[in-house]
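Close look at the chain arrangement
Single-letter residue listing:
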Amino acid sequence: MHSTVLEVFLFATVTALATGLGALPFFFTRQFSRHYLGLANAVAAGLMIAASFGLVYEATPLGLWPTVAGILLGLVFIILSQRVLERYEEVSIGSLTGFNAQKALLLIGVMTAHSFAEGVGVGVSFGGGEAFGLLITIAIAIHNIPEGLAISLVLVPKGVSPWKAAGWSVFSSLPQPLMAVPAFLFVEAFRPFLPVGLGFAAGAMIWLAVSEILPEAFEDADHKAVATAFTLSIAGMVALQVLLAG
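Residues numbered from 1 in each chain as written. Predicted model: local features only at pLDDT ≥ 70, side-chain atom pairs only at ≥ 80, totals over all residues. Heavy atoms only, no water.

Of regular secondary structure, the protein possesses 10 helices and two strands. Mapped from its N terminus to its C terminus, the protein presents α and β elements in the order α-α-α-β-β-α-α-α-α-α-α-α. Taken as a whole, the protein presents about 11,600 Å² of accessible surface, with 73% of it coming from carbon and sulfur. (Helix = DSSP H or I, 4+ residues; strand = E, 2+ residues; numbered from the N terminus. Areas by Shrake-Rupley, 256 points an atom, 1.4 Å probe, with all protein chains shown as cover.)

Applying the stated criterion across every chain, the model contains one cavity of 30 Å³ or more. Within this model, the largest cavity holds a volume of roughly 30 Å³. Taken together, Leu-47, Met-48, Ala-51, Met-111, Pro-146, Glu-147, Ala-150, Met-205 and Met-237 make up the lining of the largest cavity. When residues of the lining of the largest cavity are traced back to their parent elements, those giving at least two are α2 (34-59) and α5 (130-155). For the lining of the largest cavity, the per-class residue count stands at eight nonpolar, no polar and one charged. (1 Å grid on protein atoms, 1.4 Å probe; cavity = no way out; pocket = protein on both sides within 12 Å on 5 of 7 lines; lining within 4 Å. Points joined across faces, edges and corners; volume = space filled by probe spheres on them. Nonpolar A, V, L, I, M, F, W, Y, C, P; charged D, E, K, R; others polar.)

This part takes up the nonpolar core. With 54 residues, the main nonpolar core has Met-48, Leu-107, Met-111, Leu-155, Met-205 and Leu-208 as its most contacted residues. At the level of elements, α2, α4 (98-126), α5, α6 (162-172), α7 (175-185), α9 (194-220) and α10 (223-245) are the ones that each hand at least two residues to this core. The leading source of residues in this core is α2, at 13 residues. Ala-12, Phe-126, Ile-140 and Phe-184 belong to the second largest nonpolar core, which has seven residues in total. (Core = buried A, V, L, I, M, F, W, Y, C linked by side-chain atoms within 4.5 Å. Buried < 20%, exposed > 50% of the residue type's maximum accessible area, 1.4 Å probe, protein only.)

To continue, consider the packing of aromatic side chains. Counted by the stated rule, this structure contains four aromatic pairs. With a centroid separation of 5.2 Å and an interplanar angle of 50°, the aromatic rings of Phe-77 and Phe-200 are classed as tilted. A residue pair is termed long-range when its members are at least 10 positions apart, and Phe-77 in helix α3 (residues 64-86) and Phe-200 in helix α9 qualify at 123 residues. Geometrically, the ring pair formed by Trp-168 and Phe-171 is edge-to-face, given 5.5 Å between the ring centres and 80° between the ring planes. Of this pair, Trp-168 and Phe-171 both sit in helix α6, three residues apart, roughly one helical turn. Residue classification places Phe-171 among the partly exposed residues on the basis of a relative accessible area of 42%. (Phe/Tyr/Trp six-rings, centres within 6.5 Å; stacked < 30°, edge-to-face > 60°.)

Considering the arrangement of structural elements, one finds Gln-176 in helix α7. Since its relative accessible area comes to 0%, Gln-176 is described here as buried. Of note is the side chain of Gln-176, whose polar atom sits 2.5 Å from the side chain of Thr-15. Ignoring anything within four residues of it in the chain, the contact list for Gln-176 reads Ala-12, Thr-15, Ala-16, Ser-115, Glu-118, Gly-119, Ile-140 and Asn-144. (Polar contact = N/O pair within 3.5 Å; in protein donor to acceptor, adjacent residues only side chain to side chain. Contact = heavy atoms within 4.5 Å.)

It is worth spelling out the environment of Phe-9 at this point. Its place among the elements puts Phe-9 in helix α1 (residues 5-19). Relative accessible area serves as the criterion here: at 35%, Phe-9 is assigned to the partly exposed category. For Phe-9 and Pro-182, which are 173 residues apart along the polypeptide, the C-alpha to C-alpha distance reads 9.8 Å.

Once that is clear, we can look at α6. Within the sequence span of α6, burial applies to Pro-162, Ala-165, Ala-166, Ser-169, Val-170 and Ser-172. Down the axis of α6, the smallest arc covering the buried residues is 160°, so these residues share one side. (Arc of directions from axis to C-beta.)

So, about the packing of α1 against α7. Closest axis-to-axis distance for the α1/α7 pair is 8 Å, and the angle between their directions is 145°. Here α1 and α7 pass one another in a crossing that is right-handed. Contacts from Val-5, Val-8, Phe-9, Ala-12, Thr-13, Thr-15 and Ala-16 of α1 reach α7 at Gln-176, Pro-177, Ala-180, Val-181, Phe-184 and Leu-185. Among the residues forming the contact of α1 with α7, the class breakdown is 10 nonpolar, three polar and no charged. (Axes fitted to C-alpha atoms, helices over the stretch in contact; angles between N-to-C directions. Left-handed = near helix turned anticlockwise from the far one by under 90°.)

Here we come to the packing of α2 against α9. Contact geometry for α2 and α9: axes closest at 8 Å, N-to-C directions at 160°. By the angle class used here, α2 and α9 are roughly antiparallel. Seen along the crossing, α2 lies across α9 with a hand that is left-handed. Across the contact of α2 with α9, the residue classes tally to 23 nonpolar, four polar and five charged. (Parallel < 35°, antiparallel > 145°, perpendicular 65-115°, else oblique.)

A cluster of nonpolar residues, Leu-21, Leu-24, Phe-27, Phe-28 and Trp-163, forms a patch on the protein surface that exposes about 610 Å² of accessible area. A relative accessible area of 74% places Phe-28 in the exposed class. (Patch = residues over 30% accessible without salt bridge, like charges linked within 9 Å, V, L, I, M, F, W, Y side chains within 5 Å. Salt bridge = Lys/Arg side-chain N within 4 Å of Asp/Glu carboxyl O.)

See below:
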(Lines give C-alpha, C1' and ligand atoms only; values in the text may rest on other atoms or scores of the structure.)
Protein backbone atom coordinates (compact mmCIF):
# COMPACT_ATOMS: atom_id res chain seq x y z
CA MET A 1 0.00 0.00 0.00
CA HIS A 2 1.44 3.36 -1.04
CA SER A 3 1.40 6.35 1.28
CA THR A 4 0.06 9.77 0.34
CA VAL A 5 1.76 13.11 0.91
CA LEU A 6 -0.87 14.01 3.51
CA GLU A 7 -0.28 10.79 5.46
CA VAL A 8 3.48 11.36 5.50
CA PHE A 9 2.98 14.93 6.72
CA LEU A 10 0.55 13.86 9.48
CA PHE A 11 2.77 11.04 10.72
CA ALA A 12 5.80 13.34 10.77
CA THR A 13 3.73 15.92 12.70
CA VAL A 14 3.03 13.25 15.33
CA THR A 15 6.78 12.75 15.79
CA ALA A 16 7.18 16.49 16.36
CA LEU A 17 4.34 16.67 18.90
CA ALA A 18 5.80 13.69 20.78
CA THR A 19 8.81 15.84 21.69
CA GLY A 20 6.56 17.99 23.87
CA LEU A 21 5.78 14.96 26.06
CA GLY A 22 9.26 15.28 27.52
CA ALA A 23 8.03 18.23 29.59
CA LEU A 24 5.30 16.19 31.33
CA PRO A 25 7.25 15.43 34.55
CA PHE A 26 7.63 19.16 35.17
CA PHE A 27 3.89 19.69 35.47
CA PHE A 28 4.17 17.81 38.78
CA THR A 29 7.34 19.37 40.17
CA ARG A 30 9.24 22.55 39.34
CA GLN A 31 11.37 23.14 42.43
CA PHE A 32 14.96 21.96 42.24
CA SER A 33 17.83 22.34 44.69
CA ARG A 34 21.23 23.05 43.14
CA HIS A 35 22.12 19.38 43.71
CA TYR A 36 19.13 18.14 41.72
CA LEU A 37 19.70 20.80 39.08
CA GLY A 38 23.19 19.37 38.61
CA LEU A 39 21.80 15.86 38.30
CA ALA A 40 19.19 17.10 35.81
CA ASN A 41 21.94 18.58 33.66
CA ALA A 42 23.89 15.32 33.91
CA VAL A 43 20.86 13.38 32.70
CA ALA A 44 20.31 15.85 29.84
CA ALA A 45 23.96 15.50 28.79
CA GLY A 46 23.76 11.71 28.94
CA LEU A 47 20.64 11.63 26.79
CA MET A 48 22.31 13.89 24.22
CA ILE A 49 25.55 11.87 24.11
CA ALA A 50 23.69 8.57 23.71
CA ALA A 51 21.43 10.06 21.03
CA SER A 52 24.49 11.41 19.22
CA PHE A 53 26.19 8.04 18.98
CA GLY A 54 22.86 6.50 18.00
CA LEU A 55 22.77 8.93 15.07
CA VAL A 56 26.36 8.03 14.12
CA TYR A 57 25.45 4.33 14.25
CA GLU A 58 22.52 4.98 11.89
CA ALA A 59 24.56 7.17 9.56
CA THR A 60 27.79 5.18 9.03
CA PRO A 61 26.18 2.33 7.00
CA LEU A 62 24.91 5.02 4.63
CA GLY A 63 28.42 6.42 4.17
CA LEU A 64 31.38 6.66 6.53
CA TRP A 65 33.04 9.77 5.12
CA PRO A 66 29.79 11.75 4.66
CA THR A 67 29.05 10.96 8.32
CA VAL A 68 32.51 12.15 9.41
CA ALA A 69 32.11 15.28 7.29
CA GLY A 70 28.74 15.91 8.92
CA ILE A 71 30.24 15.58 12.42
CA LEU A 72 32.94 18.12 11.55
CA LEU A 73 30.36 20.48 10.05
CA GLY A 74 28.30 20.18 13.24
CA LEU A 75 31.38 21.03 15.30
CA VAL A 76 32.14 24.12 13.22
CA PHE A 77 28.48 25.19 13.26
CA ILE A 78 28.11 25.02 17.05
CA ILE A 79 31.40 26.85 17.71
CA LEU A 80 30.48 29.65 15.30
CA SER A 81 26.96 29.84 16.74
CA GLN A 82 28.33 30.22 20.26
CA ARG A 83 30.63 33.04 19.15
CA VAL A 84 27.73 34.85 17.49
CA LEU A 85 25.53 34.50 20.58
CA GLU A 86 28.32 35.76 22.86
CA ARG A 87 28.11 39.11 21.06
CA TYR A 88 24.52 39.54 22.18
CA GLU A 89 24.50 39.64 25.98
CA GLU A 90 20.89 40.87 26.08
CA VAL A 91 19.49 37.82 24.31
CA SER A 92 16.48 36.31 26.11
CA ILE A 93 14.22 33.30 25.87
CA GLY A 94 11.15 33.32 28.09
CA SER A 95 12.33 34.30 31.56
CA LEU A 96 15.96 33.43 30.75
CA THR A 97 18.50 36.11 29.93
CA GLY A 98 22.24 36.35 29.38
CA PHE A 99 24.31 33.17 29.61
CA ASN A 100 21.35 30.94 30.51
CA ALA A 101 19.44 32.15 27.46
CA GLN A 102 22.48 31.65 25.24
CA LYS A 103 22.86 28.06 26.40
CA ALA A 104 19.14 27.39 25.93
CA LEU A 105 19.21 28.83 22.41
CA LEU A 106 22.24 26.69 21.54
CA LEU A 107 20.46 23.57 22.78
CA ILE A 108 17.23 24.36 20.92
CA GLY A 109 19.22 25.24 17.80
CA VAL A 110 21.12 21.96 17.91
CA MET A 111 17.96 19.93 18.46
CA THR A 112 16.27 21.79 15.59
CA ALA A 113 19.19 21.02 13.27
CA HIS A 114 18.94 17.40 14.41
CA SER A 115 15.25 17.37 13.45
CA PHE A 116 16.00 18.21 9.82
CA ALA A 117 17.84 14.91 9.50
CA GLU A 118 15.07 13.01 11.29
CA GLY A 119 12.45 14.57 8.99
CA VAL A 120 14.41 13.39 5.96
CA GLY A 121 14.63 9.96 7.60
CA VAL A 122 10.84 9.78 7.97
CA GLY A 123 10.24 10.82 4.36
CA VAL A 124 12.84 8.44 2.94
CA SER A 125 11.46 5.56 5.02
CA PHE A 126 7.95 6.03 3.59
CA GLY A 127 9.56 5.85 0.15
CA GLY A 128 10.33 2.23 1.07
CA GLY A 129 6.69 1.40 1.83
CA GLU A 130 4.01 2.32 4.38
CA ALA A 131 4.84 -0.46 6.87
CA PHE A 132 8.52 0.53 7.03
CA GLY A 133 7.56 4.22 7.23
CA LEU A 134 5.24 3.58 10.17
CA LEU A 135 7.94 1.64 11.99
CA ILE A 136 10.45 4.49 11.59
CA THR A 137 7.81 7.07 12.56
CA ILE A 138 7.00 5.25 15.81
CA ALA A 139 10.69 4.82 16.60
CA ILE A 140 11.45 8.51 16.04
CA ALA A 141 8.36 9.62 17.99
CA ILE A 142 9.41 7.57 21.04
CA HIS A 143 13.01 8.69 20.59
CA ASN A 144 11.84 12.33 20.57
CA ILE A 145 10.34 12.14 24.08
CA PRO A 146 13.69 11.96 25.92
CA GLU A 147 14.97 14.70 23.59
CA GLY A 148 12.10 16.88 24.78
CA LEU A 149 13.03 15.87 28.32
CA ALA A 150 16.63 17.01 27.71
CA ILE A 151 15.39 20.43 26.57
CA SER A 152 12.99 20.71 29.51
CA LEU A 153 15.71 19.69 31.98
CA VAL A 154 17.68 22.74 30.88
CA LEU A 155 14.76 25.20 30.67
CA VAL A 156 12.36 24.47 33.53
CA PRO A 157 14.81 24.51 36.47
CA LYS A 158 15.93 27.96 35.27
CA GLY A 159 12.41 29.40 35.47
CA VAL A 160 10.74 28.58 32.14
CA SER A 161 7.18 27.23 32.58
CA PRO A 162 6.49 23.58 31.63
CA TRP A 163 4.07 24.75 28.93
CA LYS A 164 6.73 26.93 27.34
CA ALA A 165 9.30 24.15 27.68
CA ALA A 166 6.90 21.80 25.89
CA GLY A 167 6.36 24.46 23.23
CA TRP A 168 10.09 24.92 22.66
CA SER A 169 10.50 21.14 22.53
CA VAL A 170 7.85 20.84 19.81
CA PHE A 171 9.35 23.83 18.01
CA SER A 172 12.71 22.05 17.87
CA SER A 173 11.03 19.17 16.00
CA LEU A 174 9.00 21.21 13.50
CA PRO A 175 11.54 20.52 10.71
CA GLN A 176 10.41 16.90 10.79
CA PRO A 177 7.03 17.38 9.05
CA LEU A 178 8.52 20.15 6.88
CA MET A 179 11.33 17.93 5.58
CA ALA A 180 9.44 14.62 5.48
CA VAL A 181 7.24 15.57 2.52
CA PRO A 182 9.96 16.70 0.08
CA ALA A 183 12.14 13.75 1.17
CA PHE A 184 9.20 11.41 0.43
CA LEU A 185 8.59 12.98 -2.97
CA PHE A 186 12.26 13.01 -3.96
CA VAL A 187 13.66 9.98 -2.12
CA GLU A 188 16.68 9.38 -4.32
CA ALA A 189 17.71 13.06 -4.29
CA PHE A 190 17.61 13.27 -0.47
CA ARG A 191 19.14 9.89 0.40
CA PRO A 192 22.83 10.93 -0.13
CA PHE A 193 22.45 13.85 2.30
CA LEU A 194 21.05 11.76 5.15
CA PRO A 195 24.41 10.61 6.65
CA VAL A 196 25.72 14.19 6.49
CA GLY A 197 22.65 15.48 8.32
CA LEU A 198 22.79 12.77 10.98
CA GLY A 199 26.52 13.34 11.52
CA PHE A 200 25.99 17.10 11.70
CA ALA A 201 23.45 16.73 14.50
CA ALA A 202 25.67 14.27 16.37
CA GLY A 203 28.75 16.50 16.24
CA ALA A 204 26.84 19.55 17.46
CA MET A 205 25.15 17.67 20.32
CA ILE A 206 28.39 16.07 21.54
CA TRP A 207 30.11 19.45 21.70
CA LEU A 208 27.20 21.12 23.48
CA ALA A 209 26.86 18.33 26.06
CA VAL A 210 30.58 18.26 26.90
CA SER A 211 31.30 22.00 26.69
CA GLU A 212 28.18 23.55 28.23
CA ILE A 213 25.91 21.14 30.06
CA LEU A 214 28.27 18.75 31.87
CA PRO A 215 30.52 21.52 33.33
CA GLU A 216 27.46 23.18 34.85
CA ALA A 217 26.36 19.84 36.28
CA PHE A 218 29.73 19.44 38.01
CA GLU A 219 29.39 22.93 39.50
CA ASP A 220 26.04 22.12 41.12
CA ALA A 221 26.41 18.52 42.31
CA ASP A 222 28.97 16.04 43.60
CA HIS A 223 31.18 14.67 40.83
CA LYS A 224 30.38 11.05 41.62
CA ALA A 225 26.64 11.72 41.62
CA VAL A 226 26.90 13.56 38.29
CA ALA A 227 28.95 10.74 36.76
CA THR A 228 26.40 8.18 38.00
CA ALA A 229 23.40 10.09 36.64
CA PHE A 230 25.23 10.69 33.35
CA THR A 231 26.09 6.99 32.96
CA LEU A 232 22.61 5.76 33.89
CA SER A 233 20.96 8.14 31.41
CA ILE A 234 23.26 6.88 28.65
CA ALA A 235 22.42 3.29 29.55
CA GLY A 236 18.69 4.03 29.47
CA MET A 237 18.86 5.83 26.13
CA VAL A 238 20.99 3.08 24.56
CA ALA A 239 18.53 0.43 25.79
CA LEU A 240 15.63 2.41 24.31
CA GLN A 241 17.38 2.78 20.95
CA VAL A 242 18.25 -0.92 20.75
CA LEU A 243 14.71 -1.97 21.69
CA LEU A 244 13.27 0.33 19.02
CA ALA A 245 15.73 -0.93 16.42
CA GLY A 246 14.76 -4.50 17.22
